[in-house]
Each structure stands twice: as C-alpha cells, then as structure tokens.
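Tertiary structure, described
Take a look at the letters that make up each chain.
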Amino acid sequence: MIKIENLHASIEGTEILTGINLEVKAGEVHAIMGPNGSGKSTLANVLAGRDEYEVTEGSVDFLGEDLLDMEPEDRSRAGLFLAFQYPVEIPGVSNINFLKTAINEAREKRGEDPMPAKDFLKRVKEKSKLVELDGRLANRSVNEGFSGGEKKRNEIFQMAMLDPKLAVLDETDSGLDIDALRIVANGVNELKTKDNASIVITHYQRLLDYIVPDFVHVLYQGKIVKTGPKELALELEERGYDWIIKELEEVTA
Amino acid sequence: MNETVTLTNKDKFLSHFDLVDFSMDEDFSSDKRKEAMELIQWLDFPTSKAEYWKYTRINKIIKGDYKVSAPENEIEIDLAVPTKNCIVLINGYFSEELSFFDITEGIQFSSLSDAKKSSSILKEKFNSLVKKDEIFADINSAYHQDGAFMHVAKNVQADEPYYILNMVDDSNIISNPRNFIFVEQGANAKVVLKTINTANTGSFTNMVSEIFVEKNAHFEINKIQDEAEDSFQIATEQVVQADDSTFKINTFTLNGAIVRNNLNIDSLGKNTMTYLNGLYPLKGKQHVDNHTYLLHREPNGESHELYKGIMGDSSTGVFNGKVFVHREAQKTNAFQSNANIVMTDTATINSKPELEIYADDVKCSHGSTTGQLDEEALFYLRARGLSKESARAVLVNAFASDVIEQIGVDAVKDEIEKYIDDNYQGIK
Ligand SMILES: Nc1ncnc2c1ncn2[C@@H]1O[C@H](COP(=O)(O)OP(=O)(O)OP(=O)(O)O)[C@@H](O)[C@H]1O
Ligand SMILES: [Mg+2]
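Remember, predicted model here, so these are calculated numbers, not experimental data. (Residues numbered from 1 in each chain as written. Chains lettered and ligands numbered in written order. Predicted model: local features only at pLDDT ≥ 70, side-chain atom pairs only at ≥ 80, totals over all residues. Heavy atoms only, no water.)

Focus on the site of ligand 1
All names here are of chain A. In the vicinity of ligand 1, 14 residues are found, and the nearest of them are Gly37, Lys40, Ser41, Thr42 and His203. With respect to ligand 1, the backbone of Gly37 contributes an N or O atom lying 2.9 Å from an oxygen atom. At a separation of 2.8 Å, an oxygen atom of ligand 1 approaches a polar side-chain atom of Lys40. Starting from 640 Å² of accessible surface for ligand 1 in isolation, the protein chains cover 63%. It is helix H1 (residues 40-48) that provides the largest number of residues to the shell around ligand 1, a total of three residues. The class makeup of the residues in the shell around ligand 1 is four nonpolar, eight polar and two charged. (Near = heavy atom within 4 Å. Polar contact = N/O pair within 3.5 Å; in protein donor to acceptor, adjacent residues only side chain to side chain. Areas by Shrake-Rupley, 256 points an atom, 1.4 Å probe, with all protein chains shown as cover. Helix = DSSP H or I, 4+ residues; strand = E, 2+ residues; numbered from the N terminus. Nonpolar A, V, L, I, M, F, W, Y, C, P; charged D, E, K, R; others polar.)

Here you go:
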C-alpha cells in the first residue's frame, strides 16, 4: 500500500524527519507512538502534502505512484486520508456541501458522474450514524464551535464518507472520553477491510485495545527507532520511552 | 498684447455640459439647477489634501475627455431583468422603449422627468438632502439628464423588487443619473439599482440618489456597480429615516477603475434600524472607496455596518465609516465591521472606522481586519480532495456569505453568488 524510504523533511531549515522507513500493506494496522515533538504529526502532514515541510531526501510510494510528487487533493483522491490532530474550524463552509464537492470532484477526475443527491444524503445518514455524529453537526460549518470530541468524530465521519484506502489518524483519541473513544474506534473498525490499511498515531495504549495494531513503531527524533508487536504499546505505557532511548544510546556508543 | 485665458480643470470639466439642452425642464427644477451652478462657482474639485478624499485621487476622473450622449432610441438588447418593473437609463437618459411597468396601486414608479411634471412630493423635497458643499453632488443637481422616481404610498407593501438599470453603452460618456425615492409611512419596498457598462473605455457616472424612509416604513436597496474596467463612478446616496423605520443598503462593487461611494444617513429618528452592507471583490488596478456616514440623532437607534473586501491583483480598497452619536441619542447600538482578504502582495487596503460618541448610554463597536486566506483551512479542504481552485472558491464564498445573506432579493442573491463562483473558481 505505502512504502516510505529514508524520508527526510525539514521546516524552516530544521530537520524534523531524519530518515523514516515504513511499509504498510493492505489489511494492516500500524500504530506509531513516541514522545511529544518526535515528528509524528510532521510525518502525517508530509504524507498529506502540506507544503510548509520540505522533503529533502527519500521517497514514498503509494499504490505504485510517487506520493511526494502529487498535490494534496490528488493524494486524497488516490485514497489517502489524514485525520488531523487539530482539525481547523472553517466558518461559513458547510460540512456537507464541501464533502459533496470533494466527492464529486474526485468522481469527475475518474470520469464518473456526480453522486446522485439521494445517494449522497443516504450516505451522510448512514455514516453520521456510524460515528454517532449528531445530524445537526453534519450540517453545520466545518468544525465551527464543535467541542474537541465532536471535531474528532467529524474527522472519522469524513473519513467514512470518503472511504480511503489508507487512513492516517493523528491522535484521534486525544481528548475523547471513554464513550467517544469507543465510538471512534468502532467507526474505524467498521470501515476496516482486507483492502485498506491504517496508521494510528497515539500516546495511549487504551485506543489500541479497541483498534488492535499489527505493529507498533516508536518514533524518536524523526526516526523509527523500534518496531514490535502490539504488546510493545503496553510496555511503553508502563515504562515510558527512557529505556528505548537508553538502548539506542548504548548501540550508538 | 495677447490675452490668454487659462481654463481651469473645473472649467474644462464643466464645458462637457455646454451643449446639453435643459430648457424643457420644469421651473422648480430649473431653479435648483441654477442654484447648484452658483454653488459650483465657489467650489473646487477636492485634492487628496482634503480629509474626505485622502485615499482617492480623482485626477483621472476630472481629466477625462467625455461626451454627453443624446437620448437614444431603437436599442435592441435583452436585459433579462427578473422583475415586472424596470426603469432603464441609457447614458443618463430614460429609455421608454426598454423600461417596463406593472401598474400597482399606490406605487408611482417612473422616470424622474415624468415625475417632475406631476409629483408634488418631488416638487417639495427634490434636492433637499444633497450636501451643498459637495461638488460632485452639485454637478449632478445642475446637469442631471434623468433618473428614476419612486413613490410608495402609505402602508403599501411592494412584494416584487423594483429595478433601476443604469446602462452605459458608449465610450467616454459622462452622465449624471438622479434618483428620488420616497417611501411613505408603513410602506415596504425593495429596489435594485444596477449600473452596467457595455462599452469599454473611459466613462464617468456621477449618480445621486435621495431617499426618504418615512415613519415605520421599510426600505431595502441593492446597489450593483458593474462598470467597465476603466470607467469611473461616484455614487452618492442621501438618506433620511423617520421614527421606527428600517433602511438597508447592500453595495456590490464588481467592476470599475475608480468607484467612490458616498453614503450619508444624516438623520435617524427614534427607534430606527439601519443596515449598511458592502462587498467589493476587486481585481486588476481597481480602486474602490466606500465612505459611510451615520448620524444617530435620536434615542434607541440601531445600526449594523458590514463591509467586506476581497482584494486581488493590485487593487486598492478604502473604507471610511463614520458613526456619530448625538448626545440625545441614548440607547444607541452601533456596530461596524470591515474585513478584508488580501490575495496578493500588491493589493492594499485603507480601513478607517470612526466613532464619535456624545451620549453615555450606548453600545458601539467597530472592528477592522485584514488578512490572507487561511492557509490551514485551505490545506484542510485540499487534503479532503478539493482542488486548490475549489478550496479557494469555497473560502472566498464563506467569507462573502454573511454579506450575501443580507440580500432580500433572491435574484440579486443568485447573481452575486454566481459572480463570486465564476470569479474565484479559476484563480491560482
Ligand atoms: N511549523 C513549524 N515550525 C517550526 N517547528 C515546527 C513546526 N511544526 C513542527 N515543528 C517542530 O517539529 C517537531 C515535531 O513536531 P510534531 O508536531 O511532528 O511532533 P509530534 O510528534 O506530533 O508531537 P505531539 O505528540 O506533541 O503531537 C517539534 O519540535 C515541533 O516544534
Ligand atoms: Mg502531533
């Protein structure tokens, strides 16, 4: 699905990603953990195509295409979805209308007709139910005045509407109460098939009780420094990151 | 010895009107013309030293080489105006052929020249609101050819919008359209005042409208300025609002090299509601200057002012909104906001809200913001699959939406929405 090789990225001259290697295959769930500021969101944003970050080295292959060469909208249309750590509020832009435009522009690019209004509304109903997003929220301006939890649910709602091949969830669990967490996780699990995959960025093992990862990676100073099975998450929660950092220092020493 | 006569700019400018024949005018109107000509003698064109004209240089306007057109007949054009009532002016003259009316009891809607022959209210109030020391307004009073007249009788509710189309169809035309609108007690009406320019070069439209909104009357005017790219317009609205009345004006400046709007509400009665809204999506080297003046003279008035600019290319926007609250005008609520999106490094905006308050029990606020399109929002939308162009269009639309929502005439709403869609879909 996606193959990231030796990815380096910097912002305003400071290198943040210092050589990431990661391969995710269809049907897999990968968790990425790591201390604050280690570069998790940077990785997510670079994948989504944010142009503040400059990719200085490396390559990303997404479904056989050179991802780094694509505009953000083309990445989305090719099936990449990023659930933002901090979803922006966009006053005056209707959640539903912009999704309709997004879906129909993607269809137009593929040479398909626009989605009939009836089908679209049916889909809105179905998917907002999936994440238990109040119908009124779906109709409001994008994230405007939404609570933290509502914003995160709205991200998953949009993900469900767009039906991506690879979803990158950047701390979608942060700030969620336990019910919301379950709802969001259920949403993700419902959408899971053998043909799609997800990368779940989180600080908390509790999310991984619901969304069970095939691999857990530790990102530290812009690199993946350790990869393990789902049990690694538990160990990280108990012991923190210091032991990994120590291990690293011993290796380099 | 040779005697040389140096013509001033003003003399040259006024000479454009030498050949216009006003002899058919009614006596009261001729008198007003003479008065105005007298005043003009003592006035001069403002320079940028005058505070009121500080950010708008009018040299290009006054140095234009204009002609006054003759009344035209036999024009074939499909105006496709979505209304049953439309007055069409061509180059400042009333076009009987293109205008159409649906006779409604209690509403007089005609050319100004027709009304001069019969309307007693016009005879009584004509030119009573215009500022005497404003040279452009005086020029209009002295040299206007024609315009629209509307008189809505007591308690008459007009559902349909009334259109005044002011069309320029030749190059280098100077015209002085003059409108007079009187909405009697308890009446309700909506007008669309639209300038279109089908020719290309160097015209100047100097329009004046006097508007009376009587006790408990409700009046809305939607002003669409779609001048040619290198034409000029100065539009002056003089408004008075009696007790319990509502007045709303929505100004959309879509095109024109220099457009200046002087919106003056010099008298507001008790318990009045006033909405002044404007949207100026600019491109090229357009220069648009919105000057508003609101005088809260009596208690319990409420005014809302919302002006928004979308500044592209090397355009310049000026907003100067003055609100004056008289010491008698307790419990006044006056809110003013001017927001601008600057799309390029070369576009500029001068925004100057002014509040002058002499009453102590009032709520007044003003705010002015200028910024770029929100990059984060842009990226968010693109990351969800919207093209860069659509994402921009969506954000520009959202920015303009609260002004557009103020429009009470559906056809105008559609027109402005379409304009925004068409013009911001393709920008890079
Ligand atoms: N726009 C920016 N300008 C300057 N530095 C930045 C910018 N964005 C990120 N950084 C820096 O890059 C580093 C990585 O940030 P990033 O947001 O990727 O961390 P993270 O792993 O997602 O952290 P967290 O767990 O707190 O979300 C941090 O040191 C951060 O300060
Ligand atoms: Mg982060």
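Moving on from the coordinates now.
Here we look at the domain arrangement of chain B
Many structure descriptions define interface size as the accessible area lost when the parts assemble. Residue and element names in this part refer to chain B. Taken domain by domain, chain B consists of domain 1 (9-268) and domain 2 (375-428). Domain 1 and domain 2 are separated by 31 Å when their C-alpha centres are compared. Contacts between domain 1 and domain 2 engage 13 residues on the former and 10 residues on the latter. At the junction of domain 1 and domain 2, the tally comes to one salt bridge. Residues Lys194 and Glu415 are paired through a salt bridge, measuring 2.7 Å at the closest nitrogen-oxygen approach. The tally of links from domain 1 across to domain 2 stands at five residue pairs in polar contact (both at pLDDT 80 or more). No other element matches the four residues that strand S12 (residues 246-255) contributes to the side of domain 1 that touches domain 2. (Domains from an automatic or database assignment. Contact = heavy atoms within 4.5 Å. Salt bridge = Lys/Arg side-chain N within 4 Å of Asp/Glu carboxyl O.)

Examining helix H7 (residues 375-383) of chain B
All names here are of chain B. Among the nine residues of H7, seven are classified as buried, and the element is accordingly described as predominantly covered. All of the buried residues along H7 are Ala377, Leu378, Phe379, Tyr380, Leu381, Arg382 and Ala383. The backbone nitrogen of Glu376 lies 3.0 Å from a side-chain oxygen of the residue at the head of H7, namely Asp374. Looking one or two residues past H7, Gly385 carries a phi angle of roughly 105 degrees, positive in sign. (Buried < 20%, exposed > 50% of the residue type's maximum accessible area, 1.4 Å probe, protein only.)

Examining the packing of aromatic side chains
Residues and elements named next belong to chain B. A full pass over the atoms with the stated rule returns 23 aromatic pairs over all chains. Judged by centre distance (6.3 Å) and plane angle (90 degrees), the rings of Phe28 and Phe126 are edge-to-face. Residue Phe28 is located in helix H2 (residues 27-42), and its partner Phe126 is located in the loop between helix H5 (120-125) and helix H6 (135-143); the two are separated by 98 residues in the primary sequence. The burial state of Phe28 is the same as that of Phe126; both residues are buried. Between the aromatic rings of Tyr307 and Phe319, the centroid separation amounts to 5.1 Å while the plane-to-plane angle is 40 degrees, which identifies the pairing as tilted. Residue Tyr307 is found in strand S16 (residues 302-311), and its partner Phe319 is found in strand S17 (residues 316-325); the two are separated by 12 residues along the sequence. Pair check on accessibility: Tyr307 and Phe319 agree, each one buried. (Phe/Tyr/Trp six-rings, centres within 6.5 Å; stacked < 30°, edge-to-face > 60°.)

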